[in-house]
Amino acid sequence: LQALCSAFAPHKMSEWNLQTQSGYMGVCYSHLPKNMPEAEEAATTGDPMALCNQGWCLFNSIGGRKDQRRALEVWRKAAEKSNNAGSAYNLGYCYSFGLVVKQDDQIASDWFAKYYRGRNSERLAFLVNSAAIDTTAA
């Protein structure tokens, strides 16, 4: 299983593993950026989770300078090219409240719809993977 997970995680920032606790299985990220250079390095791989994290660091000045316009560009790249749900949500939030961009309910709604579709895809992939784990354990 760990080999399968590492195939989808080209950089340590996006590594994840499945954990079970009290019968509940969930996804746990094992590493998040500690500083801006680390976030930027991870984002160069094009990994959508790394891009989302880099945008978060830029937007909130975590470990470096604050550049909210650049954060929106990074989130847009991750959401459009890789259907990253987190990036789509962040864009929808910005358009909904007029953060960095002009407030626009229609554009916000479009990004939230993309977020919803992305989350459904992630849930379906999780269910398929957890079913495969259950059948191999039996």
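Residues numbered from 1 in each chain as written. Predicted model: local features only at pLDDT ≥ 70, side-chain atom pairs only at ≥ 80, totals over all residues. Heavy atoms only, no water.

Quick look at helix α5 (residues 85–97) now. Because the α-helix completes a turn every 3.6 residues, residues three or four places apart line up on one side. Along its 13 residues, α5 runs 19 Å from first to last C-alpha, staying within 8% of the 18 Å computed at 1.5 Å per residue. Within the span of α5, buried status applies to Ala 85, Ser 87, Ala 88, Asn 90, Leu 91, Gly 92, Cys 94 and Tyr 95. Residue Asn 84 occupies the N-cap position of α5, its side-chain oxygen lying 3.3 Å from the main-chain nitrogen of Gly 86. Backbone geometry just downstream of α5 places Gly 98 in the positive-phi region, at approximately 70 degrees. (Helix = DSSP H or I, 4+ residues; strand = E, 2+ residues; numbered from the N terminus. Expected span 1.5 Å × (residues − 1). Buried < 20%, exposed > 50% of the residue type's maximum accessible area, 1.4 Å probe, protein only. Polar contact = N/O pair within 3.5 Å; in protein donor to acceptor, adjacent residues only side chain to side chain.)

Turning to the pattern of salt bridges, a few remarks are in order. In total, this model carries one salt bridge according to the counting rule given. Between Arg 70 and Glu 73 there is a salt bridge; the shortest N-O distance is 3.5 Å. With Arg 70 and Glu 73 both in helix α4 (residues 68–82), this residue pair falls three residues apart, about one helical turn. (Salt bridge = Lys/Arg side-chain N within 4 Å of Asp/Glu carboxyl O.)

Let us now look at a nonpolar patch on the surface. Among the surface-exposed residues, Tyr 89, Tyr 93, Phe 97 and Leu 99 lie close enough to one another that they form a single nonpolar patch of about 380 Å² accessible area. Residue placement: Tyr 93 occurs in helix α5. Under the relative-accessibility criterion, Tyr 93 is labelled partly exposed at 37%. (Patch = residues over 30% accessible without salt bridge, like charges linked within 9 Å, V, L, I, M, F, W, Y side chains within 5 Å. Areas by Shrake-Rupley, 256 points an atom, 1.4 Å probe, with all protein chains shown as cover.)

This next bit is on the confidence of the model for the chain. Confidence along the chain averages 74 in pLDDT terms, with 68% of residues attaining 70 or more. No element of the chain has a lower mean pLDDT than helix α1 (residues 2–7), at 37, and none a higher one than α5, at 95. Taken as a whole, residues 1–31 scores under 50 in pLDDT and shows 51 contacts with residues more than four places along the chain or in a different chain. (pLDDT = per-residue confidence, 0-100. Contact = heavy atoms within 4.5 Å.)

Tallying each qualifying case throughout the model produces five aromatic pairs. Grouping aromatic residues by their ring pairs yields a cluster made of Tyr 89, Tyr 93, Phe 97, Phe 112 and Tyr 115. (Phe/Tyr/Trp six-rings, centres within 6.5 Å; stacked < 30°, edge-to-face > 60°.)

This brings us to the packing of helix α3 (residues 48–60) against α4. Running from amino to carboxyl end, α3 crosses α4 at an angle of 160 degrees, the nearest separation of the two axes being 8 Å. Judged on the interaxial angle alone, α4 and α3 are roughly antiparallel. For α3 against α4, the interelement crossing comes out left-handed. Mapping the contact onto sequence places Pro 48, Leu 51, Cys 52, Gln 54, Gly 55, Trp 56, Leu 58 and Phe 59 in α3 and Gln 68, Arg 70, Ala 71, Leu 72, Val 74, Trp 75, Lys 77, Ala 78 and Ser 82 in α4. The class makeup of the residues in the contact of α3 with α4 is eleven nonpolar, four polar and two charged. (Axes fitted to C-alpha atoms, helices over the stretch in contact; angles between N-to-C directions. Parallel < 35°, antiparallel > 145°, perpendicular 65-115°, else oblique. Left-handed = near helix turned anticlockwise from the far one by under 90°. Nonpolar A, V, L, I, M, F, W, Y, C, P; charged D, E, K, R; others polar.)

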